[in-house]
Amino acid sequence: MLGLVTLPLAAGCAFGPGARVETTPPPGRAEVDRAVRALEAAEAEYEAERYESAARQADSLFAAWGSRSTLAALADRALWLGGRSQEALGLPGRAGELYDRLIRRARPGSLRQQALARYATVLAGTGREPEAVALVLEEPGALDEDALDDYRAWVSAISINRVRGFATSYPPESAEAAVIHVQLARLLAAGGEAEEARRIARRVLAARPAPAERELAELLAAEAGAAGTRVKIGAILPQTGALANIGELLRQGIELAVDGYRRARPDGFELELVVRDDASDPERAAELVGALEREGVVAIIGPLRSESFAAAARARKNERLPIISPTATEVFGSPRDAYSLNDRVRLAQDNAADLGTWAVTELGVRRLAILASGDRVGAGAARAFEEAARAAGGTVVAHAAFDPSQTTFREPIEAVARAEPDAVFVPVTSASTLLTLAPQLFYYGLDRSIVIGNETWADPQALRRLESFATDYRVVGLSVDRVTEAGRWQRFVSEYERTFRRPLGDEYLPGLAYDATALALGALDGGGLPIPAALSSFLASGPRIEGVTGTLQPEARSSTVKRATDIRMVVSGALREADRSELLGWLAEARAAPPRGERGPFQR
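Residues numbered from 1 in each chain as written. Predicted model: local features only at pLDDT ≥ 70, side-chain atom pairs only at ≥ 80, totals over all residues. Heavy atoms only, no water.

Draft legend 1. Spotlight on the overall build of the protein chain. For the protein chain, the helix and strand inventory stands at 25 helices and 15 strands. Seen through its principal axes, the protein chain has C-alpha atoms that stretch 110 × 80 × 40 Å. Taken over 604 residues, the protein chain has a buried fraction of 51%. If you take every contact in the protein chain between residues at least 6 apart in sequence, the share linking residues at least 24 apart comes to 65%. A total of about 27,500 Å² of accessible surface is found on the protein chain, and carbon and sulfur atoms cover 49% of it. Positive and negative side-chain charges in the protein chain, numbering 72 and 82 respectively, have mean positions lying 2 Å apart. (Helix = DSSP H or I, 4+ residues; strand = E, 2+ residues; numbered from the N terminus. Buried < 20%, exposed > 50% of the residue type's maximum accessible area, 1.4 Å probe, protein only. Contact = heavy atoms within 4.5 Å. Areas by Shrake-Rupley, 256 points an atom, 1.4 Å probe, with all protein chains shown as cover. Lys, Arg positive; Asp, Glu negative; His and termini not counted. Charge placed at Lys NZ, Arg CZ, Asp CG, Glu CD.)

And the structure:
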């Protein structure tokens, strides 16, 4: 009992007249400054790509600040840093939890919008597109134009029943909801419900949608009923004249793609291939585009040459009509809805950038060198490799150019070898150049560096003819493996030879034509409506489509088709997964071997 009386008395003494009430003071300027410095240190860990450390520090900081109203803004930034760090660590589920918490607690503003966009991307990237779409619809206006393109792709991936449900709940007053209604109209039109598709399209037009949805809604309102199930795919190819043999190879690739679609999609669109002969005359392209447009084609494959491709793109009356060249090696002016699968400079740069990043971040070497031709393709690849390697933390210690028209490359090879790089990037544009250059790398001093090459180093013709000392443990960045049995290229070769009863050998052109057609047919399915604008919208969303020459991704801004880079190493003439420990083991063994003059070419 005494204890019970004593406590109030003690309390009365503490808070009696004139007593000072003790409360937790708000953090002073010094405390806030310390918190800012702690957050900046965690953010520096992220910028240095030490993601585990950044994630731990972000979690700790949020735990300390999350309930402090005066530090709420810093706590929100810690959550944002934690989410990005978890994504970088390949933990999208944990990242999503942090983004979700940030969305729930943060005040409206740019950080909350960024978190919402990232959370939606995480959801879509883990196969939860309906949840991503629902999140975006609840917060209209949170996505910028680039993120809206991703959102359009998510909407295209969900079922018509889901789309219909979203359309019922969200009228097309926002840009995000307009995407839903246009997709529903597109799916209804493809299913034969033309009048309902028109009604929805007109409702979208009354609500001031974004330009992409307005354009498609206008076409749907006008053409939904006119779009039948029979679809024409056009092609401009040389069927006569000096290039007729090339035209025939391209036509065969196109026909294989069309036949494959018919077999795989017996209930899909009925296809008709309409081929126009340019008689090997590049100046006929514009005239033939007009003829195909009058035929009502939804896409055009071809023409062959870069100048013809540019002329054909300019000649279209409907600039939304996709035109896809399998072989144009240059793109002039990046015309809208025109794509090339064979832009040599861009493909070489993409490949080189991927290899530069990989050499530093995955192989773990820092001292790099470059030996490349001085032409436009080689110089572009060298520049892209160097920029990517430097960005990843590597150093280019030597850079020399060679002339591929020569037969001896001693001087540039020795110039690079003197820098003693751990790895040297050697892009080559033809198998004939590689056959001459590869052995000389060994003889003139680059026998103690890991050689990193482009796709030419995996050319079957070169691998068959080169000795193992010139190819073993060379790293290759390629879009498709044409050497290993049972790969997608070998399956294509088997189908080609079975269909046309002739060997394909090392010929690459039919594969390019097949993939150009596969892009058009993928856009036909993805667009959901057999009109050019629907195919155009799908291609502009940057879909990834599996082809026989690689994983294809059209890039609207550059009018090129990117290919994913697969990184392998060559051992005994075969391609294998690039193994870091094996490669570094080979490097250590090569550097421990006697000097070059004391051993033969078959000794490593």
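Next comes the rest of the account.
Draft legend 2. Expanded view of helix 24 (residues 532-540). For helix 24, the buried fraction is high: seven of the nine residues fall into the buried class. Of all the residues in helix 24, the buried ones are Pro532, Ala533, Ala534, Leu535, Ser536, Phe538 and Leu539. One or two steps after helix 24, the chain reaches glycine 542, where phi turns positive at roughly 70 degrees.

Draft legend 3. Geometry of unusual backbone geometry. Following glycine 302, the chain continues to proline 303 via a peptide bond in cis, the omega torsion being -10 degrees. Locating proline 303 in the fold gives a position in the loop between strand 3 (299-301) and helix 15 (306-315). Backbone geometry places alanine 279, a non-glycine residue, at a positive phi of 55 degrees. Positionally, alanine 279 belongs in the loop between strand 2 (270-277) and helix 14 (285-295). Of note, serine 572 is a non-glycine position whose phi angle comes to about 55 degrees, a positive value.

Draft legend 4. Main features of the packing of helix 13 (residues 244-264) against helix 22 (residues 488-500). Running from N to C, helix 13 and helix 22 point in directions that differ by 100 degrees, and their axes come no closer than 11 Å. What the angle tells us is that helix 13 and helix 22 run roughly perpendicular. Contacts between helix 13 and helix 22 pair Leu249, Gln252, Glu255, Leu256 and Arg263 from the former with Phe492, Glu495, Tyr496, Thr499 and Phe500 from the latter. Considering only residue class, the contact of helix 13 with helix 22 consists of five nonpolar, two polar and three charged. (Axes fitted to C-alpha atoms, helices over the stretch in contact; angles between N-to-C directions. Parallel < 35°, antiparallel > 145°, perpendicular 65-115°, else oblique. Nonpolar A, V, L, I, M, F, W, Y, C, P; charged D, E, K, R; others polar.)

Draft legend 5. Molecular detail of the pairing of strand 2. For strand 1 (residues 230-237) and strand 2, the ladder comprises eight bridges, and the chain directions are parallel. Bridging across to strand 2, isoleucine 236 finds its partner in arginine 276. Taken together, strand 1, helix 13 and strand 2 constitute a β-α-β crossover, and its handedness is right-handed. (Pairing = 2+ DSSP bridges. Right-handed = clockwise from strand over helix to strand, strands pointing away.)

Draft legend 6. Seen up close, the packing of aromatic side chains. Taken as a whole, this structure holds 13 aromatic pairs when the rule is applied. The interplanar angle of 70 degrees and the centroid separation of 5.4 Å between the aromatic rings of phenylalanine 402 and phenylalanine 409 together place this pair among those described as edge-to-face. Like phenylalanine 402, the residue phenylalanine 409 is buried in the burial classification. Note on tyrosine 443 and phenylalanine 469: the rings are 5.7 Å apart at their centroids and 70 degrees apart in plane angle, and the pair reads as edge-to-face. Highlighted residues: tyrosine 443 in helix 19 (residues 431-443) and phenylalanine 469 in helix 21 (residues 468-471), separated in sequence by 26 residues. Take tyrosine 443: its relative accessible area is 41%, and that puts it in the partly exposed class. Residue classification places phenylalanine 469 among the buried positions, given a relative accessible area of 15%. Aromatic ring contacts, followed pair by pair, group Trp489, Phe492, Tyr508 and Tyr514 into a single cluster. For the cation-ring pair, arginine 482 lies above tryptophan 489, with the distance from its terminal atom to the ring centre recorded as 5.7 Å. (Phe/Tyr/Trp six-rings, centres within 6.5 Å; stacked < 30°, edge-to-face > 60°. Lys NZ or Arg CZ within 6 Å of the ring centre and 35° of its normal.)

Draft legend 7. Fine view of empty space enclosed by the protein. In the structure shown here, the tally under the stated rule is two cavities of 30 Å³ or more. Roughly 40 Å³ of internal volume is contained in the largest cavity. Every residue lining the largest cavity is listed: Pro238, Leu243, Asp278, Ser280, Asp281, Pro282, Leu304, Arg305 and Ser308. Considering only residue class, the lining of the largest cavity consists of four nonpolar, two polar and three charged. Quantified by volume, the second largest cavity comes out at close to 30 Å³. As for the second largest cavity, its lining consists of Ser373, Phe402, Pro404, Pro427, Val428, Thr429 and Thr433. Of the residues belonging to the lining of the second largest cavity, the class tally is four nonpolar, three polar and no charged. (1 Å grid on protein atoms, 1.4 Å probe; cavity = no way out; pocket = protein on both sides within 12 Å on 5 of 7 lines; lining within 4 Å. Points joined across faces, edges and corners; volume = space filled by probe spheres on them.)

Draft legend 8. Highlighting the environment of alanine 147. As for its position among the elements, alanine 147 is in helix 8 (residues 145-156). Once the C-alpha coordinates of alanine 147 and alanine 117 are considered, the two residues, 30 residues apart in sequence, prove to be 7.3 Å apart.

Draft legend 9. Main features of the packing of helix 10 (residues 175-190) against helix 11 (residues 194-205). Running from N to C, helix 10 and helix 11 cross one another at 160 degrees; their axes reach a closest spacing of 8 Å. With respect to each other, helix 10 and helix 11 are oriented roughly antiparallel. Of the two possible hands of crossing, helix 10 and helix 11 adopt the one that is left-handed. Of the residues in helix 11, those touching helix 10 at Ala178, His181, Val182, Leu184, Ala185, Leu188 and Ala189 are Glu196, Ala197, Ile200, Ala201, Arg203 and Val204. Considered class by class, the residues forming the contact of helix 10 with helix 11 number 10 nonpolar, one polar and two charged. (Left-handed = near helix turned anticlockwise from the far one by under 90°.)

Draft legend 10. Structural view of the nonpolar core. Grouped together as the largest cluster of nonpolar side chains are 69 residues, with contacts concentrated most on Trp65, Val133, Leu137, Tyr151, Trp154, Ile180 and Leu220. Top element by residues in this core is helix 10. It accounts for nine residues. Grouped together as the second largest cluster of nonpolar side chains are 45 residues, Leu243, Leu341, Val480 and Phe538 included. (Core = buried A, V, L, I, M, F, W, Y, C linked by side-chain atoms within 4.5 Å.)

Draft legend 11. Quick look at the side chain of aspartate 278. Position of aspartate 278 relative to the elements: it lies in the loop between strand 2 and helix 14. Put simply, aspartate 278 is tucked away with no salt bridge, and the nearest opposite charge, on arginine 284, sits 6.8 Å away. Excluding anything up to four places from it in sequence, aspartate 278 contacts Ile236, Leu237, Pro238, Arg284 and Leu288. (Salt bridge = Lys/Arg side-chain N within 4 Å of Asp/Glu carboxyl O.)

Draft legend 12. Spatial organisation of the sheet that holds strand 6 (residues 367-373). The seven strands lie next to each other as 7-6-8-9-10-14-15, forming an open sheet whose pairing is mixed. Sheet topology places strand 7 (395-402) and strand 15 (574-577) at the edges, where each strand pairs with a single neighbour. Here the strands of the sheet are splayed against their neighbours by 30 degrees on average, with no regard to which way each runs. Pairing analysis gives seven bridges linking strand 6 to strand 7, with the strands arranged parallel. Counterpart to serine 373 in the pairing with strand 7 is phenylalanine 402. Across the sheet, helix 17 (residues 376-391) lies against strand 6, strand 7 and strand 8 (423-426), angled at about 170 degrees from strand 6, the strand it touches most. Its contacts with the sheet put helix 25 (residues 580-592) on strand 9 (450-453), strand 10 (474-478), strand 14 (566-571) and strand 15, and the angle it makes with strand 9 is roughly 130 degrees.

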